[in-house]
Each structure stands twice: as C-alpha cells, then as structure tokens.
Amino acid sequence: MSAQNVKLLNPGPVTLTERVRKALLEPDMCHREAEFAALSKSILSKISAVYTESTEGYVPVLLTSSGTGAVETMLSLVPRASAENGKKTLVVANGVYGDRAAAMLTAQGKSHDVVAAPWTSPMDLAAVEKALATGLYAHVFAVHHETTTGRLNDIDALGVLCKKFDVPLLLDAVSSFAGEKIRFAEWNLLACAATANKCLHGVPGIAFVLVKNEALESRESGATSVYLDLFRYRKEQKNGFSPFTQSVHVLFALREALDELADAGGWERRHQHYAALTKQVREGLYALGIRQFLEDTASYGSTLSSYRLPAGLTYDKLHDHLKNKGFVVYAGQGPFSGEMFRIAVMGDVDASDMTRLLAEIRAVMA
Ligand SMILES: *Cc1c(COP(=O)(O)O)cnc(C)c1O
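Since this is a predicted model, take the numbers as computed values, not measurements.

Visitor: Could you give an account of the overall build of the protein chain, with specific residues and numbers?
Guide: Secondary structure assignment for the protein chain yields 13 helices and 14 strands. Relative to the globule expectation of 21 Å for 366 residues, the C-alpha radius of gyration of the protein chain, 20 Å, shows essentially globular dimensions. Over its C-alpha atoms, taken along the principal directions, the protein chain stretches across nearly 60 × 55 × 30 Å. Taking all 366 residues of the protein chain together, the buried fraction comes to 56%. Of the contacts made within the protein chain by residues no fewer than 6 positions apart, 73% connect residues no fewer than 24 positions apart. Each charge class in the protein chain was averaged separately, 38 positive and 40 negative side chains, and the resulting centres sit 1 Å apart.

Structure below.
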C-alpha cells in the first residue's frame, strides 16, 4: 500500500485531493512582500464567503497553528482577570474539547465555571439557563461538533439562551466549519474557531478565528500570550500581513481547498456528501451487528460517527487490520478508549472507499 493510497478516516488531518496537494509546490514567497498580502487577503475573503451570513458581519483572522491554537487565540476576546469586572465565562462541556477550553481559561488565569454533562449526554441546558440567570457571566463557550463522540451539540437551543440573557457565544467550530450549519446572528455568536485541515480539506498548519467586526474595534485585547493575540493579528491582517511568520505553503493549499469547496457547490453540498457517507457506514456496520455509541442517531453530526467495539474485537486488532488495508480509523478517548472506535468521512474519500472499508471490517470480524 503506497502512502498515497491511504485513506485517513480520523478527524483531521484529512486525505488531501491531488489538486490541494499540488498547491504546496507553488514558488516560495516572503511573508513581508506585497504578493503575500494579496494571498492572505484573497484567503480572508474566501473564508468569509463560506457562510453567506458571516460575509458582512464577521472578519476572519488567520494564524499559523493547529485548531487548538485558534481556540486559545479566540479567548483573547475574554478580558484579562484584572479587567473582568467580576464577570466570568461559562464553559458548556460534554467531551474532551469543552474540558480543554476550561483548561485554557485556567492557564490564562480567567475565571470561569463549567456546566458539565456526561460525554454520552447532550449539553445540560437547564443548568446553563440557571447559571446565566444569575447575571454573573459575560461569555458562554461551547463546542459545536464534539468530536469525542460525534455529537452535534444543539447550539440552536443554546443560542436562544445566549440571546435571552444577552451573553455572547464563543464557539469551537473546529470540526464543523464548512460541514455543518452555523447561524451567526441567531446564536449570538461573538466568534468561532476553525482549522484548515478538517471540513475545509486543507493541509494542517493554518487555523483561524471568525470574529464579529465590531468586537475587535470596541475592546481591549484580553490576550495573555504574545503569540496567541487575536487583536495583534487582526491589526496587521487588515493590510494582509502578519505579526509572525505564516506557513506560506499551507496557505497556498488552503486557497486551493477553498476554491475546490466553492467549485463543488459550497458547504451545504459538502454536508450532504458527508451525511451520505456516514449513513452508508452506519448502516453497513449495523448489518454486521456493530452498534453506534450514542443512543440516538439524530444526535450525530455528519462528519464523524462513533461505534461500540463488538465483543471479541479489540481496537488494536481492528486498527491494525484496517491500517494494513489502507485505512486509518480512530480510537475512543479517555474513559471510552478500549470500548469505542470512530470513523470520520472528511477529506478525499467517497462511497467506494466506504464499501471497501465495510468489506475489510467484515473480514476482520470473521
Ligand atoms: C480537532 C479538534 C480540535 C483541535 O484541533 P487541533 O488541530 O488538533 O489542535 C478542537 N476542537 C475540536 C472540536 C476538534 O475536533
């Protein structure tokens, strides 16, 4: 199996198309030159255009990091402790990524409370409502698609609460941006964080925050890091530049990936493609006696689904057989490692790949 034929079914980085891979071979470029400014400005406008609703009211800020770096940079919108006026951030968690945001706020010395639900459950919206009613919170942080289990959190319902109590929402949309619906205004969205190498099908190394226009004008930076400062990036990106060296070649690939997305009909078409592949995998596994991990099929998003390992099949055996046949699947995290496996359908994969995958899972179970 040559490396080119491996299909990555982990939630990023994804299998690249040849079109995106070739873009890495563009000529070298200095990030202090005018042609770099033109490149980043064109990428900023393409990112803005992914969701028509964001085109006017929100501005993207690009940085060289993984998705986690974008989430951490987004927290520059939360004031530093000395400027907090006693208000806190409410973190809504039901998986690894909600917990990670709480750890970031702790590392940044910013006061917050966590409304946690079990990883197998929806967000605890009753507890969120009770907390917001106290008036103690200036921001809510939530995870759109919780990649831990594949649950698409009900941000429509959370958004109603953010509106009702007039508290802005910070959203980790790292594994949903360009794959799921995002309702910017209805969710009271202040900003969301995303990455090049999940639903956008780019190369890992560039991430971004999409932030409400006026937020960057009206506030002081709450950054607690020199590098992960959203305000500092935006100040230079207005003119297409960057305070620090950007991953130039990864930007070439991102530009191509954004064009490829637009050519293929935009995020809604991509969403339909993912949903069809995920349905094919779920039904194929069901026929083999493998059950999904979450109780309700409707809880899942389109990009990833989680399953219970069947009796007698260890994760390692499943993984190693599939790896040998050219597929990389993903283990469960935390308490679910050893009981769960996950299949993501982002990147250059199609229905015939899923058919081959299902045949190999049938073979390893035999
Ligand atoms: C993948 C992911 C991240 C982190 O992205 P990295 O690129 O690994 O840093 C954050 N949040 C969610 C929901 C993710 O799926």
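Visitor: Give a detailed account of the site of the ligand, specifying residues and quantitative values.
Guide: Lining the immediate surroundings of the ligand are Ser66, Gly67, Thr68, Tyr97, Arg100, Val143, His145, Thr147, Asp172, Val174, Ser175 and Lys198. Taking Asp172, its side chain carries an N or O atom lying 2.7 Å from a nitrogen atom of the ligand. Here an oxygen atom of the ligand and a side-chain polar atom of Ser175 are 3.4 Å apart. Burial of the ligand by the surrounding chains reaches 85%, relative to a free accessible area of 390 Å². Applying the majority rule of atoms within 2 Å of the grid points places the ligand in the largest pocket. Among the elements of the structure, α4 (67-74) and α5 (96-107) are those that each provide at least two residues to the shell around the ligand. Residue composition of the shell around the ligand, grouped by class: three nonpolar, six polar and three charged.

Visitor: So, unusual backbone geometry: which residues are in play, and what are the values?
Guide: Glycine aside, residues mostly have negative phi angles, and peptide bonds mostly take the trans form. The step from Gly12 to Pro13 runs through a cis peptide bond, and the omega angle for that step is -5 degrees. When you line up the elements, Pro13 lands in the loop between β1 (7-8) and α1 (18-23). In this model, Asn188 sits at a positive phi of 60 degrees, which is unusual for a non-glycine residue. Relative to the helices and strands, Asn188 resides in the loop between β8 (169-172) and β9 (189-195).

Visitor: Tell me what's going on with the pattern of salt bridges, and back it up with residues and numbers.
Guide: A pair can form between side chains of opposite charge whenever their charged atoms are brought close. As enumerated under the stated definition, the model contains 13 salt bridges in all. Note that Asp353 is salt-bridged to Lys7, the shortest N-O span being 3.8 Å. On the criterion of sequence distance, the pair formed by Asp353 in helix α13 (residues 351-365) and Lys7 in strand β1 is long-range, its members being 346 residues apart. Judged by relative accessible area, which is 7%, Asp353 ranks as buried. Across the pair Arg183 and Asp156 runs a salt bridge, and its minimum N-O distance is 2.7 Å. Highlighted residues: Arg183 in the loop between β8 and β9 and Asp156 in helix α7 (residues 155-164), separated in sequence by 27 residues. Relative accessible area serves as the criterion here: at 23%, Arg183 is assigned to the partly exposed category.

Visitor: So what about the layout of surface pockets? Which residues, and what values?
Guide: By volume, the largest pocket is sized at about 350 Å³. Lining the largest pocket are 24 residues, with Gly67, Thr68, Tyr97, Val174 and Lys198 sitting closest to its centre. Per-element tally for the lining of the largest pocket: the top contributor is α5, with four residues.

Visitor: Before we move on, could you go through the environment of Phe336 and cite the residues and values that matter?
Guide: Here Phe336 lies in the loop between β13 (330-331) and β14 (340-344). Residues Phe336 and His145, spaced 191 residues apart in sequence, show a C-alpha to C-alpha distance of 18 Å.

Visitor: Could you give an account of the packing of helix α12 (residues 315-324) against α13, with specific residues and numbers?
Guide: Where α12 meets α13, the closest approach of the two axes is 10 Å, and the angle between their N-to-C directions is 130 degrees. In terms of orientation, α12 and α13 fall into the oblique class. Along this stretch, α12 crosses α13, giving a crossing that reads as right-handed. For the pair α12 and α13, the contacting residues are Lys317, Leu318, His321 and Leu322 in the first and Leu357, Glu360, Ile361, Ala363 and Val364 in the second.

Definitions and cut-offs
Residues numbered from 1 in each chain as written. Predicted model: local features only at pLDDT ≥ 70, side-chain atom pairs only at ≥ 80, totals over all residues. Heavy atoms only, no water. Helix = DSSP H or I, 4+ residues; strand = E, 2+ residues; numbered from the N terminus. Rg over C-alpha atoms; globule rule 2.2 N^0.38 Å. Buried < 20%, exposed > 50% of the residue type's maximum accessible area, 1.4 Å probe, protein only. Contact = heavy atoms within 4.5 Å. Lys, Arg positive; Asp, Glu negative; His and termini not counted. Charge placed at Lys NZ, Arg CZ, Asp CG, Glu CD. Near = heavy atom within 4 Å. Polar contact = N/O pair within 3.5 Å; in protein donor to acceptor, adjacent residues only side chain to side chain. Areas by Shrake-Rupley, 256 points an atom, 1.4 Å probe, with all protein chains shown as cover. 1 Å grid on protein atoms, 1.4 Å probe; cavity = no way out; pocket = protein on both sides within 12 Å on 5 of 7 lines; lining within 4 Å. Sits in = over half its atoms within 2 Å of the grid points. Nonpolar A, V, L, I, M, F, W, Y, C, P; charged D, E, K, R; others polar. Salt bridge = Lys/Arg side-chain N within 4 Å of Asp/Glu carboxyl O. Points joined across faces, edges and corners; volume = space filled by probe spheres on them. Axes fitted to C-alpha atoms, helices over the stretch in contact; angles between N-to-C directions. Parallel < 35°, antiparallel > 145°, perpendicular 65-115°, else oblique. Left-handed = near helix turned anticlockwise from the far one by under 90°.

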